[in-house]
Amino acid sequence: MSTGTTHKAFVHPALFYRTEQEYTQQTVAFLREGLTDGEPMAVAVPGPNLELIKTGLGGDAEGILFLDMTEAGRNPGRIIPKVLRGFADAHPKRRVRIIGEPIWAGRSAVEYPACAQHEALINAAFEGRAVTILCPYDEVRLDPQVIADAKVTHPTLISGQGRESVSDAYDWQSVVDRYNQALAPAPDAAAFSYGGEGLPAVRVFAVAQATRLGMTGERLMDVELAVAELTTNSVVHGGGDGTLAIWAEQEQLVCEVRDAGRLTDPLVGRRPPEPGQLGGRGLMLVHYVADLVRIHTSEDGTTVRFYLSL
């Protein structure tokens, strides 16, 4: 497998595989190429696929960072700052090589829009950087729309036999826009409207409702933190006020903040702060504690919805 890493631009191929043999053969070839070039490498894929790669590499697996993407990337919104940028930024001035598989069979329809946007935004997050990120896709078990979207979010396509081609459909911005979907409010949600003076009260309300719906332990602190960050953003950047809604849905607690602000930076919350930077961490903290974050933004305002398992 050749991924065009002899130059210093960002390389972002999608690998379409149909069998475990194809998966192992192509991912191991990709990593062995990195070993030959002396590149730092990380693999973030679902657990069973981690084992395929480790077995395929044998003794060459030593020195590679392995992460279970079902844990590290449970929320697609934290993959760029915590997994991909986290690894790349730890190796400045060196080309790094990463396998990232954020979409697997079992991802829900609620999760998928955030997954597709994540794959698109990788292109903006790493533009011009000496990074190669290979993203595998299971052509047998994933929905055809997922495969079609992968051809839009990846400029290079690799078959299970290792054949490379340029994607004629590549247009990552269109996927970001297409999955910027309006989020209909739940009819049975408990709601609280707030302004600047109501920030302490809205946090108390959030914890009380989360407790009523079955949230316990440290996750209550996650609820309070995430709600505090989002409602403060409403007051400071979103017109001065907003509305919090909370409800339970399919064994998850759902918290939603609506305000009049508009997000103009598609990477907000996914770009790690620069050293010494004051502020700008609120939405990223929400991504870090939540199991899923969905965002819709338009001229009429912004809705941020986060999910925590009950």
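Structure's up top.
Residues numbered from 1 in each chain as written. Predicted model: local features only at pLDDT ≥ 70, side-chain atom pairs only at ≥ 80, totals over all residues. Heavy atoms only, no water.

**Overview of helix α5 (residues 112-125)**
One full turn of an α-helix is made of 3.6 residues, so residues set three or four places apart face in the same direction.
Here is step 1 of the chain: Compared with an ideal rise of 1.5 Å per residue, which puts 14 residues at 20 Å, α5 spans 20 Å between its outermost C-alpha atoms and is within 8% of the ideal.
Here is step 2 of the chain: A bend of about 25 degrees at E119 is the largest found in α5.
Here is step 3 of the chain: Most of α5 sits out of view: 13 of its 14 residues are buried. (Helix = DSSP H or I, 4+ residues; strand = E, 2+ residues; numbered from the N terminus. Expected span 1.5 Å × (residues − 1). Bend = angle between axes of the 7 residues up to and from the residue. Buried < 20%, exposed > 50% of the residue type's maximum accessible area, 1.4 Å probe, protein only.)

**Examining the packing of α5 against helix α6 (residues 144-153)**
Here is step 1 of the chain: Closest axis-to-axis distance for the α5/α6 pair is 9 Å, and the angle between their directions is 20 degrees. Viewed along their axes, α5 and α6 adopt a mutual orientation that is roughly parallel. Crossing geometry of α5 relative to α6 is assigned as right-handed. When α5 is examined against α6, the residues Y112, A116, E119, A120 and N123 are found in contact with a partner set consisting of Q145, V146, D149 and T153. (Axes fitted to C-alpha atoms, helices over the stretch in contact; angles between N-to-C directions. Parallel < 35°, antiparallel > 145°, perpendicular 65-115°, else oblique. Left-handed = near helix turned anticlockwise from the far one by under 90°. Contact = heavy atoms within 4.5 Å.)

**So, the sheet that holds strand β1 (residues 13-17)**
Here is step 1 of the chain: Judged by pairing direction, the sheet is mixed, and its seven strands sit side by side in the order β3-β2-β4-β5-β1-β6-β7 without closing on themselves. Each end of this open sheet is capped by a strand with a single partner; those strands are β3 (65-68) and β7 (164-166). For this sheet, the mean angle separating the axes of adjacent strands, direction not counted, is 20 degrees.
Here is step 2 of the chain: Note that β1 and strand β6 (residues 156-158) share three bridges and pair parallel. (Pairing = 2+ DSSP bridges.)

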